[in-house]
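Below are the chains, spelled out letter by letter.
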Number of protein chains: 2
Amino acid sequence: MKISELTTPALVVEATALDANLRTMADALPGGRLRPHVKAHKCTALATRQAALGSRAFTCATVKEMEGMAGAGLGDDLLLANEVVDARRLGALARAGARVTVAVDSDATIDAATRGGVAEVLIDVNVGLPRCGCAPEDAGRLAERARAAGLVVRGVMGYEGHIVGLEDRATRREMIEVSMGLLVRAHEDVGGDIISAGGTGTYDINRWATEIQAGSYALMDTAYAKLGLPFGHALSVLSTVISVSTDWMVADCGLKALGMDHGNPSVEGSEVWFCSDEHLTMAPGAPMRVGDRIRVLPAHIDPTVAYHAAMHIVDGDEVVDRWEVDLRGW
Amino acid sequence: MKISELTTPALVVEATALDANLRTMADALPGGRLRPHVKAHKCTALATRQAALGSRAFTCATVKEMEGMAGAGLGDDLLLANEVVDARRLGALARAGARVTVAVDSDATIDAATRGGVAEVLIDVNVGLPRCGCAPEDAGRLAERARAAGLVVRGVMGYEGHIVGLEDRATRREMIEVSMGLLVRAHEDVGGDIISAGGTGTYDINRWATEIQAGSYALMDTAYAKLGLPFGHALSVLSTVISVSTDWMVADCGLKALGMDHGNPSVEGSEVWFCSDEHLTMAPGAPMRVGDRIRVLPAHIDPTVAYHAAMHIVDGDEVVDRWEVDLRGW
């Protein structure tokens with residue numbers, strides 16, 4: 001099948017760019033130092049590629065992602081880097097043979113893990129992002145409580161989400177020192193082998209974490225592209241020009257095909273004005289005609305992929321594969 | 001099933017609020033003056049309710065929506081209020097018995113309709129929103145061209161999308177006069193029975209359109225709620241509190257459960273700080289505990305619904321029905 005035969009809008013992944021991104025990260029973090037986060041791509045076919053490059057352990061954000069990964073035979077060591085109040089589905093996964101570890105940051109989530117039949121946990125520590133995670137000074141107490149309840153505490157996690165996207169590398173370095181200082185101190189109280197943290201924006205400067213939870217590096221987006229990382233745009237949304245006016249043109253790629261929290265997407269050489277449900281209005285850099293195809297680069301990869309049922313793997317003009325985005329939903 | 005048994009995040013629709021919204025609009029626009037837009041809810045079960053209140057004609061934004069509506073037996077008069085370059089699937093729908101009308105705004109889209117086997121079109125006219133639609137002075141020529149190609153031109157459409165969301169009613173009134181003036185003039189050149197326009201924000205002040213393409217009124221969102229319309233919030237995203245810190249708490253409803261182009265969602269009595277992929281961080285108005293459930297009101301209904309596989313119809317604490325969001329994708 002040719003790219004020109006795809007119904008638009010369609011997620012398109014350049015095979016060579018994806019392979020290069022996966023290889024670069026695998027080479028940078030060998031020997032289990034990479035625990036790829038599947039939330040960015042929600043695709044077990046892509047995770048299988050990551051596994052082929054050496055990753056046996058993965059990070060998930062939802063129970064559905066955990067179930068899908070285990071179902072695809074990628075359940076050797078799955079971390080749900082998120083809190084859950086009902087861990088029964090996770091317990092069922094563990095009983096079926098997957099290795100399941102869940103983040104806990106409170107008495108309630110420890111109790112939920114116990115009740116649900118999950119055996120292993122990480123203590124989730126707040127390292128500066130106002131989101132989940134206990135206060136660093138509470139981590140030791142929670143670890144004790146978890147162990148008293150019969151859980152294995154494998155270590156700590158703490159996501160420096162307030163740092164990973166900062167464009168200035170020196171600022172990232174400075175802030176991560178403080179942030180990971182909190183996590184390391186908590187780890188001293190908690191024990192265990194694992195200090196899990198990091199993301200695409202800090203994969204090579206987070207020297208405290210024993211494993212990095214990076215995800216966006218595989219497909220990339222325009223927000224991360226500003227950081228000057230050695231990862232290229234592998235994903236775009238293929239779109240068709242459907243209307244041309246004097247000063248602008250409209251393509252069939254809108255709010256239901258793009259995550260918009262990081263702002264408008266980009267089209268090379270053109271100025272994007274705004275998106276509507278099924279439209280992208282832009283001032284093109286060169287004349288365009290109805291029927292022309294364009295590549296739209298999303299500002300934020302994760303919520304973009306989550307709108308699509310599949311991604312199409314392309315090599316030149318050929319569509320060489322179709323991968324289900326099979327980890328969507330909850 | 002009780003609401004408390006739903007896996008979160010989950011779309012929840014209050015049956016009584018939905019019924020009231022549908023009834024209010026049906027009463028305001030009787031006798032075919034309402035052509036509900038299904039893009040806001042993407043749900044044939046909900047469209048069936050609209051049909052039961054008198055709507056035989058519907059508006060769609062994608063070919064997939066057209067196919068789904070016809071497949072659900074709601075194909076009496078379907079308007080694709082959008083341009084397409086490849087109309088073959090629409091032609092197949094028409095041959096299978098649906099009445100299919102498609103918007104055209106250029107020679108290329110007229111040719112596409114002809115090639116695809118679509119028999120009926122509306123001339124889409126730009127009435128001020130920089131998106132699709134021909135220049136008003138070009139509408140007559142396009143109608144002639146379409147008729148020369150053997151197409152039936154049913155009239156014109158023109159969406160005043162730059163007006164429907166303005167909070168001040170007087171401003172909406174003032175601007176719609178200008179906007180619809182353009183459409184009416186184009187209609188004089190085009191002919192046909194239909195002047196299709198309007199949305200939830202102009203449903204009762206657009207006195208020029210013969211039919212109103214409103215959609216958001218059924219479920220509503222916080223953006224439209226600012227307009228003081230007689231439609232209440234019928235939809236919310238049910239979410240579970242998973243983490244509580246000193247100054248904030250976190251619920252399991254994030255960027256993949258919410259359309260974000262209109263900004264943050266709202267939680268009554270609380271201050272929403274930001275959303276991440278699977279998290280909503282907020283300062284609650286009253287103390288909350290892990291496991292508590294909250295209702296999150298989206299800022300923009302259309303791209304919110306498009307993330308979910310189903311909506312749950314509730315009456316008090318009971319889940320009385322589950323409706324597939326079956327018109328997603330393209």
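Reading the values: rules and limits
Residues numbered from 1 in each chain as written. Chains lettered and ligands numbered in written order. Predicted model: local features only at pLDDT ≥ 70, side-chain atom pairs only at ≥ 80, totals over all residues. Pairing = 2+ DSSP bridges. Helix = DSSP H or I, 4+ residues; strand = E, 2+ residues; numbered from the N terminus. Core = buried A, V, L, I, M, F, W, Y, C linked by C-beta atoms within 7 Å. Buried ≥ 20, exposed ≤ 12 C-beta atoms within 10 Å, placed from the backbone. Contact = placed C-beta atoms within 7 Å. Axes fitted to C-alpha atoms, helices over the stretch in contact; angles between N-to-C directions. Parallel < 35°, antiparallel > 145°, perpendicular 65-115°, else oblique. Left-handed = near helix turned anticlockwise from the far one by under 90°. Nonpolar A, V, L, I, M, F, W, Y, C, P; charged D, E, K, R; others polar. Domains from an automatic or database assignment.

**Student:** Explain the sheet that holds strand E2 (residues 57-60) of chain A to me, and be specific about the residues and the numbers.
**Tutor:** All names here are of chain A. With respect to topology, seven strands assemble into an open sheet ordered E2-E3-E4-E5-E6-E7-E8, the strand pairing being parallel. Pairing within the sheet leaves two strands with one partner each, and these edge strands are E2 and strand E8 (211-212). Sheet analysis places strand E5 (residues 120-124) next to strand E6 (residues 152-158), joined by five bridges and oriented parallel. Bridged to Val121 within E6 is Val153.

**Student:** Provide a residue-level description of the nonpolar core, including the pertinent values.
**Tutor:** Core analysis: the largest hydrophobic core is formed by 216 residues, its most contacted members being Leu90, Val102 and Ile123 of chain A together with Leu80, Leu90, Val102 and Ile123 of chain B. Not counting residues up to four positions away in its chain, the partners in contact with Ile123 of chain A are Val104, Cys134, Ala139, Leu142, Ala143, Val153, Val156 and Val190 of chain A.

**Student:** An account of the packing of helix H3 (residues 63-71) of chain B against helix H4 (residues 88-95) of chain B is needed here, citing residue identities and associated values.
**Tutor:** All names here are of chain B. Between H3 and H4, the shortest axis-to-axis distance is 10 Å and the interhelical angle comes to 15°. By the angle class used here, H3 and H4 are roughly parallel. H4 is crossed by H3, and the crossing has left-handed handedness. In contact with Val63, Met66, Glu67 and Ala70 of H3, H4 contributes Arg89, Leu90 and Leu93. Taken together, the residues of the contact of H3 with H4 break down into five nonpolar, no polar and two charged.

**Student:** Outline the interface of chain A and chain B, listing residues and values.
**Tutor:** Often the size quoted for an interface is simply the accessible area lost on bringing the parts together. Residue-level contacts link 46 residues of chain A with 46 residues of chain B. Among the elements that line the side of chain A that touches chain B, the one with the most residues is strand E9 (residues 235-244) of chain A, at four residues.

**Student:** Can you explain the domain arrangement of chain A? Please cite residues and give values.
**Tutor:** Residue and element names in this part refer to chain A. As far as domains go, chain A holds domain 1 (3-11 + 231-324) and domain 2 (15-216). Of note, the centres of domain 1 and domain 2, computed from C-alpha atoms alone, are 32 Å apart. Every element with two or more residues in the side of domain 1 that touches domain 2 is listed here: helix H9 (301-305), strand E14 (310-315) and strand E15 (318-324). The dominant element in the side of domain 1 that touches domain 2, judged by the number of residues it contributes, is E14, at four residues.

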